[in-house]
Every structure is written in structure tokens, then in C-alpha cells.
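Observations on the model geometry
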Amino acid sequence: MLKSKTFLKKTRAGGVMKIVREHYLRDDIGCGAAGCTACCGAHEGPALEPQPQDPASSLCPQPHYLLPDTNVLLHQIDVLEDPAIRNVIVLQTVLQEVRNRSAPVYKRIRDVANNQEKHFYTFTNEHHRETYVEQEQGENANDRNDRAIRVAAKWYNEHLKKMSADNQLQVIFITNDRKNKEKAVEEGIPAFTCEEYVKSLTANPELIDRLACLSEEGNEIESGKIIFSEHLPLSKLQQGIKSGTYLQGTFRASRENYLEATVWIHGDSEENKEIILQGLKHLNRAIHEDIVAVELLPKSQWVAPSSVVLHDEGQNEDDVEKEEEREQMSRRHLFTPADKRIPRIRIETRQASTLEGRRIIVAIDGWPRNSRYPNGHFVKNLGDVGEKETETEVLLLEHDVPHQPFSQAVLSFLPKMPWGITEKDMKNREDLRHLCICSVDPPGCTDIDDALHCRELENGNLEVGVHIADVSHFIRPGNALDQESARRGTTVYLCEKRIDMVPELLSSNLCSLKCDVDRLAFSCIWEMNHSAEILKTKFTKSVINSKASLTYAEAQLRIDSANMRDDITTSLRGLNKLAKILKKKRIEKGALTLSSPEVRFHMDSETHDPIDLQTKELRETNSMVEEFMLLANISVAKKIHEEFSEHALLRKHPAPPPSNYEILVKAARSRNLEIKTDTAKSLAESLDQAESPTFPYLNTLLRILATRCMMQAVYFCSGMDNDFHHYGLASPIYTHFTSPIRRYADVIVHRLLAVAIGADCTYPELTDKHKLADICKNLNYRHKMAQYAQRASVAFHTQLFFKSKGRVSEEAYILFVRKNAIVVLIPKYGLEGTVFFEEKDKPNPRLIYDDEIPSLKIEDTVFHVFDKVKVKIMLDSSNLQHQKIRMSLVEPQIPGISISPDDISNMNLNGPEKKKMKLEK
């Protein structure tokens, strides 16, 4: 059956265009119930059970299916995902609305629908002849959709009666819309709210905890005083952003001060890039990483970031007033997130005694204007605090790292084993198996994605090649394997675990450039003179056979050995000699050599607990590999930008604003040193000259501090940006090409380069700059989350180390001073912590803070940045939920003062004066 609408539309030129829209209706769409004789098996995919037994409901004890509306899917997805909920009909109308309003929920509901054990069925009611409804005159789209959902629910109940004369099977309409429910009941449709239905499931009382807490706006004002101003409607926000009244940006809560945050403004303008918010009123219920709109306050109200370290550990008046009520109910509790940038969340649970001492997942449902904390609900119990398996899953979940096993759909696109290189694979490929190629990597590396060679040519010049695993040969555009790799974005390396971006068959086998096996590669080959000047550059798909897989230490031994003169060693020596020249040239151009404290754990072979740790040792061979990877990335960036000026995937590193450097400049000045920051070159030269014969570690500390002043490097599409410069590398253009096993950005770059040299064909998404920009956005997010997860893993294993180590005393250096604290770095352990000098319920010492020097005077002792102190370290296990490393000051001694870092993390530095804003949403 075909329904059509015809209407006239006026064109820009003044003419009239006739528009005809056709809508096809069918009568062969199945209801999804297995065994339905009326449908005769017309449905596809997972089917509803013919006689569902679970769950048993006191409201509707007979067998039934559930039919939820849009708001139930959007807000109660945690309930619907629970194993207790089965046999759910998801209407096409509802699914389309969810897709338009929340991509994450849409994906979750699609995943649930694909789980055959859940018996979810998607019914295309918009193309069913008996359930399609047209929008009536004067009816808005929302009311039309509500009516369409009720029509489908009523049709289902009438249709199911045809299955058999004595059939008791019903369809229960689940809605939280009061008016929609009333209309459904009037029309004879069994209807309940989600809360009513869940509470009727007597066999599953724990499911109540997963109900989202959806409070009505009107109740907030009546129940208590208003703390926050009202959020503006989206229409007003959009108008304000368009007119310039409001600015849109990303909200970033402070780790150091819960009453402070910054907003990174979106757009190309250099002005107002980052602004500061202070106080609960101006934060206005925003949560870390929210997209918000802000309003500029008068310049007279602008302030500098606070120098006070302040964490939200006290009860507010609202909590005190309701303490007695909570004790009586034994259901309302404050959940404290592991990430201090997330506020506490008030939840109701009947499982308090079970959940105590456990890691749990909580979802935020809303934040009333009269509450200090948002409302939420319990989602999942992860296990005991302190268990390695639990903590690992927690940090992966906290940092949104996709870590589930690869699906069968993804695995189906892997090569069939045994695999070998065919004649078809050799098309457009150069055979380089005769070259003396070798790889140099950390010990234990199985995902080897780069290898090198160097040989002398007949003309006396040198041929140098970087050979990269040809991952794009195995991952073809658009299939499930490609989509999953794009979603993951990067491999995540934890202390004792690796979360692969691609399945192990590729990462550790077919794409890994192991020695003595033929492998497909993408090669970047230069002809150089002995001064490391590039004379020619060639890119080619290739086949290689690596002659050795070496560690950095093994490669260094070969280079340093007076007795070894084999081809591999000769190649390494040539590479090392050229790398030194390349590095010297880079530094002369202004490339930065920064520093960060990194540690490596030695694990017990049986328990996998950390038994020792050491700072990472860097050799010449580390620098050798790095130089040629950088050179390959720069060469490829130039090539793909020449061929695809609008569609190249590049990587840039923005120059920090001058205000970021003030802490570095002041710290150096306190040691009678001058740091110039007007250019990267002047900064690099200043750092090189900042030496102290009596304090050799000073230069390292300055470089660590300089690292904290840097901006984040990001991926971008060349057609969507004008600034390509990489500040840290002092390079006008840069990309990532050398690690496609562990970075999806490199896979895209490989595809661009392959098209540029005629080795592969293009596809529409590759030359769509808007889609490429979306890919870059996800890659930047995944890269950032991977970094955070890796740091969290180091922090947790550091805790495990000190748990077994007991109390130890070590030397430390002061990195920063605050008004009430100092931040210390212990080089031996790469451990950093915030040290407080004010404690609750204890007399506070006399503190004098000087921002210019910078220094903090405590009683009669003055602490300066970079001062050496000695601290005693131990793991405090007195609070099971919040184990943390504590320190006490050993030298210099201040009677009655102890220090305790609240977390181990790198800190983002902000300039001293930012624009203060008022948050609207």
C-alpha cells in the first residue's frame, strides 16, 4: 500500500516546485511473537517468547510483553538492560526518537535487541498498515508519536488474542508520561509507570535500585531553599550563543579545588580560549566534560585561579537536616566517585550493607536546584575495593575505555588461517625481503609495528628505510572490524595488561613485524647524504622479512661492541649516526626536549603484584628509533597534504598562551635563572642553559614543570583548520603514520598515502572533511582517556607496591606551592602528591603564601619550589573505600605537621588571570 503527500514549495529563484513524498505501508510485518499463527513467521531476527514466564508481576500476573515509550528507553535503559527484563517490544517510532536524542542510548538499546537471550523485538510500526498514523491538523509531532505508540500497543493486544481462544498474553504499555498513561487507560490499554511496574516485580527487589531518579521541577522549590539558578531553555541558549551573549565550551572541573573550574571555549578565536568559574552558584550544577554555555561577567569581577587546595569532604546543611531521615529510611546514601572532579551523588538503595566496601557504578539522573548534590541510581556492583581485577575494570570504565571481547561480527573479517602472502597481495607492492631490516622495541613487545634499515648505495649515499606494518591491508573501510577499530581509537597499555585496538591475530601475529617471517609493510625510504640531508623520498607498499627483533638494550650493545661487524650491527650504527645529526638539527630549529617522571614495575611471576619499580632508562637507541619515526611522520604528512589539501589527517601541537608559563618563569627566577618563552626555540635554549653545578636535578625539574605548561596535541582535518604547526617538534606539519597496530589515526593516514601513490583506491568517507573531523574528535577523546587510564593504572600499582613495602623514607622535591599545601615529587618512584598543612579539627599552623617567589612559610620554616625534603611514605588502609598513600615530613621537621597526598596525578596549570564567567547551562 502506498500513501503519498503532495505540496508546493517556493524556490529561491521565485518559482514553484511540486514535492511528492511517498510512504509505503505493508501488511506482512510480523508481530515478533514466536508461534504466532496470524503472522506465519513473518518477523526477522530475535523473537519474543510465545509464553513468557518471567518476570512475575503483582500488577499483571498473566504472561505479558512490555512496550516502553521513548522517555522510558532514554531514562531507564539501566532497568531494561537488567537480565530480569525480557520480552520487550521496541517500536520504530520510539527507536527513531531515541536515535535523534541520544546516540549512546540508541547504541545500547540496539546491543540489547541483538542479544537473543533478552528477546527484544523491533517492530516497524511506521510501515505497518494497521499501526501507521498520520499527523492530524493542529497536532504537534510529539503528540502524534505518543498516539502512534498507543495505537501500536492497542493493535498488539487485539492481535495477540488471535493466537488462541484462551490466550491470556498481554502487552503492557510502560510510560512515565502521566497524560499519556491516562489516555492509554481510557483506550483500554494496560499501562503503568516504570516505577510501578518495577516495584511489582516481587522476585527482583534489587531492580528498584536501578530506577532512574526523575524528580519533577515543581517539587524542588517546595522542598527546600534554592541553591542554583535555573537553566535556560535550549532555544534561548542557542540565540545567546549566536548573538555572542553566551560562549559555548567544555566544562573542566578542577582536581585541586571543588569550587573552581575552567571552560575551554569552542571556536577558532584565540581570545577567551579558557575562562574560569568560581563558587557553587557560578558552577551551576555542571559536571566535568559537560558542554556548557557561559556568560561573561563585568571585568571588575574577573579573578585569578585560587591557590588553595580544597576538596569537598564536609556535609552541607541539607545533609545535616536530613541525616535523621536517612538513618530511619536506611536507603539514601551519598556515593563518592573515585574521580574528585565528579561531585558526590545521592542514591537510594536497599543493598547498603552488601555494597559497603565495594566498587560500584552509579548513573546521574538529574540535579535539583535545591540540592548540593545530583540524584542518581545504582547500576552495577564491581566487587571488593582493592582487588586487582575490580580496580582494573573500574579504571577502564571510569575512563570509558572499550574493553569488551571482540564480537563475532568483528572477528569474521579476520583472515582465515593459515595465512600467507598471495600473488594478489603482491600487486602494487615492492619486494624488500633482501634488505637487512630489523626492529628495536621495549622488552616483551609483541605488537611490533615498525622496523628500520640503513645501507650504503653505490653512489656513496645512504639508503634509510622505515617499514611500518600494513594494517590497512587487513582492515578494509566500513566493515565491522574497521568500525570497531575506529571506535576504540587506540591501544591502551596498563601496567600488566594491554587493551588492543585490533584483535590479537593482527596485533601480535599477522601485522607484527617479527623476525624471520614475511610481512606486509608500508615503507618510507629516503636517499640521504652522510650529513642526513634528504635527497629523495619514496613511499611504497612492500613485503619485508625482518632479520632481527632487538630490544633497546640489545641494539645498544651491538652499536657499542668493538667486535661486532655483521650487517645488522652496521645498519644500526649507520642509523644511530644519522639520528644524532637529525636530532641536532631538530633542536636547532627549536624542538623541545621535555621530561616527565616515568616508572616501570617489576611484577611477581605468580601473583602479578609489583615487587619493585624503577625509573625508565633511556639509551641512544631509544632516541635513534624516535628520530626516524618523527622523520617518517613528517615526510608522510607533507605527502598526504600535497595530494589531499582539504582531507589530510594531521596532528598539531598548539603553542601555550604566555600565562601558562608564569609558574615556570617564577620558579626559575627563584633560582636566579631566566627562562624565555617567546618562542619554542628560546624556551629550548633557556632550558639547555638552566644548569646548576650544585643541583644537577634542577634541570630535570624545570623540564618536568615545562611539560605541565604545554597544551594537548590533537588530531585534525586539514580542511577544517589553518594552524598546522607542531610546537613541541618545531615542525610546520606533522601526522601519525608509524603505529597503525595501536592507533587508528595511522590507519587513516595509511589509506590516504596509499591512494596518493596509487597503491589503493579511495572511498567517499576518506575525502569527506566533516566525517574526517568527527573521526579526529573521537581519536582525541580516546587518546586522552587512554593516557588517564594508564596513569590510573600506575597509581594503583604504586599503592600495591607500598602496601607490601610498608613504611619507607625517601627524598622528594617540591614542584608547586599553594596557600595551604605543597606538591612533592619523589624521583625514585615517580610519585607525586598533594601535601596539606591544614587539617580538620586540628589547630592550623601559621601560613604565609608568596605567589611571586613562589614560597610557603609554615611557622618559621619556608618552603620554596624545587626545595629538597624528605618524606616518610605509607599506604593508609584505615578507610577501606578510599585507600591512599600518606606521607609525613621527616626533614625539615615541623612539630605537629603531617602531610598526605590525596591522589597521584599530573596537574594542569592555568595562568594567573582568567576571565570569570557565570554558568547558564
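Here's what I pulled together on the structure shown here.

Definitions and limits used
- Residues numbered from 1 in each chain as written.
- Predicted model: local features only at pLDDT ≥ 70, side-chain atom pairs only at ≥ 80, totals over all residues.
- Heavy atoms only, no water.
- Core = buried A, V, L, I, M, F, W, Y, C linked by side-chain atoms within 4.5 Å.
- Buried < 20%, exposed > 50% of the residue type's maximum accessible area, 1.4 Å probe, protein only.
- Contact = heavy atoms within 4.5 Å.
- Pairing = 2+ DSSP bridges.
- Helix = DSSP H or I, 4+ residues; strand = E, 2+ residues; numbered from the N terminus.
- Axes fitted to C-alpha atoms, helices over the stretch in contact; angles between N-to-C directions.
- Salt bridge = Lys/Arg side-chain N within 4 Å of Asp/Glu carboxyl O.
- Parallel < 35°, antiparallel > 145°, perpendicular 65-115°, else oblique.
- Phe/Tyr/Trp six-rings, centres within 6.5 Å; stacked < 30°, edge-to-face > 60°.
- Lys NZ or Arg CZ within 6 Å of the ring centre and 35° of its normal.

Attention shifts here to the nonpolar core. Counting residues in hydrophobic clusters, the biggest one holds 84 residues, and the most contacted among them are L506, W526, L572, M624, F628, L649 and F737. Discounting chain neighbours no more than four positions away, the residues touching F628 are L452, V464, V466, W526, M528, L575, L578, A579 and L582. With 55 residues, the next largest nonpolar core counts C39, Y65, L73 and A191 among its residues.

The next point concerns the sheet that holds strand 34 (residues 861–864). With antiparallel pairing, three strands are arranged side by side in an open sheet as 32-33-34. Strands with a single pairing partner mark the edges of an open sheet, and in this sheet they are strand 32 (847–850) and strand 34. Along the sheet, successive strands turn relative to each other by an average axial angle of 15°, direction set aside. In this structure, strand 33 (residues 855–858) lies alongside strand 34, joined through four bridges in antiparallel fashion.

What follows concerns the pattern of salt bridges. In total, this model carries 50 salt bridges according to the counting rule given. A salt bridge links R108 to E81, with the shortest nitrogen-to-oxygen separation between them at 2.6 Å. Of this pair, R108 sits in helix 4 (residues 103–113) while E81 sits in helix 2 (residues 77–81), and the two are 27 residues apart along the sequence. Classification of E81 as partly exposed rests on a relative accessible area of 26%. With a shortest N-O distance of 2.7 Å, D500 and R498 are connected by a salt bridge. Connected through salt bridges with shared partners, the residues D78, E81 and R108 form a single ionic network.

With that settled, consider the packing of helix 17 (residues 552–560) against helix 19 (residues 620–643). A packed helix pair is summarised by two numbers, namely the angle formed by the two axes and the spacing between the axes. In contact at an axis separation of 8 Å, helix 17 and helix 19 are set at 100° when each is read in the N-to-C sense. Taken together, helix 17 and helix 19 sit at an angle that is classed as roughly perpendicular. Residues Y552, A555, Q556 and I559 of helix 17 pack against E620, T621, N622, M624 and V625 of helix 19.

This part is about the packing of aromatic side chains. Considering all chains together, one arrives at 12 aromatic pairs under this definition. Summarising the aromatic geometry, the rings of F228 and W367 are spaced 5.7 Å apart at their centres and angled 75° between planes, so their arrangement reads as edge-to-face. Of the two residues, F228 is situated in the loop between helix 8 (217–223) and helix 9 (234–243) and W367 in the loop between strand 14 (358–366) and strand 15 (375–384); the sequence distance between them amounts to 139 residues. Ring geometry for F695 versus Y813: centroids 5.6 Å apart, planes at 25°, classification stacked. Taken as a pair, F695 in the loop between helix 21 (680–689) and helix 22 (698–709) and Y813 in strand 29 (residues 808–817) lie far apart in primary sequence, 118 residues in all. The buried category is assigned to F695, whose relative accessible area is 13%. Three or more aromatic residues joined by ring pairs form one cluster here, namely F123, W155 and Y156. One Lys or Arg, R341, reaches over the ring of Y788 and ends 5.6 Å from the middle of that ring. Over the face of the ring belonging to Y715 we find R651, whose NZ or CZ atom lies 4.5 Å from the ring centre.

Along strand 19 (residues 462–469), eight of the eight residues are buried, which leaves the element largely enclosed by surrounding structure. Taken together, the seven bridges between strand 18 (residues 450–456) and strand 19 define a ladder with antiparallel strand orientation. Pairing of C454 across the sheet is with V464, part of strand 19. Once strand 18 ends, the chain turns through five residues before running back antiparallel as strand 19, passing G460 with a positive phi of about 90°. Of the pairings in the sheet, the one linking strand 19 to strand 22 (residues 518–528) comprises eight bridges and is antiparallel in character.

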